Amino acid sequence: MTKRNDTTVAINGNRKDALQDAAVEITIATRLPMKPSAIVHYLIDEYLDDAVRDLKAKGKMKSKG
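Residues numbered from 1 in each chain as written. Predicted model: local features only at pLDDT ≥ 70, side-chain atom pairs only at ≥ 80, totals over all residues. Heavy atoms only, no water.

*Asks:* Even after reading the chapter, I still don't get the overall build of the protein, so can you show me in this structure?
*Replies:* Of the regular secondary structure elements, the protein holds two helices and zero strands. Scaling as 2.2 N^0.38, a compact globule of 65 residues should have a C-alpha radius of gyration of about 11 Å, whereas the protein reaches 16 Å, well beyond that. Looking at the 65 residues of the protein, the share that counts as buried comes to 5%. When the accessible surface of the protein is totalled, it reaches about 6,400 Å², and 57% of it is carbon and sulfur. For the protein, the distance from the average site of its 12 positive side-chain charges to the average site of its 9 negative ones is 7 Å. (Helix = DSSP H or I, 4+ residues; strand = E, 2+ residues; numbered from the N terminus. Rg over C-alpha atoms; globule rule 2.2 N^0.38 Å. Buried < 20%, exposed > 50% of the residue type's maximum accessible area, 1.4 Å probe, protein only. Areas by Shrake-Rupley, 256 points an atom, 1.4 Å probe, with all protein chains shown as cover. Lys, Arg positive; Asp, Glu negative; His and termini not counted. Charge placed at Lys NZ, Arg CZ, Asp CG, Glu CD.)

*Asks:* What exactly am I supposed to notice about the environment of E25 here?
*Replies:* For E25, the position within the fold is in helix α1 (residues 13-30). Judged by relative accessible area, E25 falls into the exposed class, the value being 57%. Along the sequence, E25 and Y47 sit 22 residues apart, while their C-alpha atoms lie 20 Å from each other.

*Asks:* Help me understand a nonpolar patch on the surface, please; the structure alone is not making it clear to me.
*Replies:* Taken together, Y42, L43 and Y47 make up a surface patch of nonpolar side chains, about 310 Å² in accessible area. One can find Y42 in helix α2 (residues 36-64). For Y42, a relative accessible area of 46% corresponds to the partly exposed category. (Patch = residues over 30% accessible without salt bridge, like charges linked within 9 Å, V, L, I, M, F, W, Y side chains within 5 Å. Salt bridge = Lys/Arg side-chain N within 4 Å of Asp/Glu carboxyl O.)

*Asks:* Teacher, can you tell me more about the packing of α1 against α2 here?
*Replies:* When two helices pack together, their arrangement is given by the angle between the helix axes and the distance between those axes. Packing of α1 against α2 brings their axes to within 8 Å, and their N-to-C directions diverge by 95 degrees. Considering the angle they form, α1 stands roughly perpendicular to α2. On α2, the residues touching L19, Q20, A22, A23 and I26 of α1 are P36, I39 and V40. A class-by-class count of the residues in the contact of α1 with α2 yields seven nonpolar, one polar and no charged. (Axes fitted to C-alpha atoms, helices over the stretch in contact; angles between N-to-C directions. Parallel < 35°, antiparallel > 145°, perpendicular 65-115°, else oblique. Contact = heavy atoms within 4.5 Å. Nonpolar A, V, L, I, M, F, W, Y, C, P; charged D, E, K, R; others polar.)

*Asks:* How should the environment of K56 be read in this particular structure?
*Replies:* Residue position: K56 is located in helix α2. Look at K56 and you get exposed, because its relative accessible area is 55%.

In structure tokens form, the structure reads like this:
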């Protein structure tokens, strides 16, 4: 059996509420249950590369002052 390598990430109250609201909205629209964690997984799977690129660019802009 393969050992899972899960982790926990802290999400503040406002972000947690936004995720929960989005999950409810998706559930209502699709009539399929949606968990906030599934949204987070989707965001990571689909948009991580874009986020890395954006954050690198913002970091370079800040360092130039």
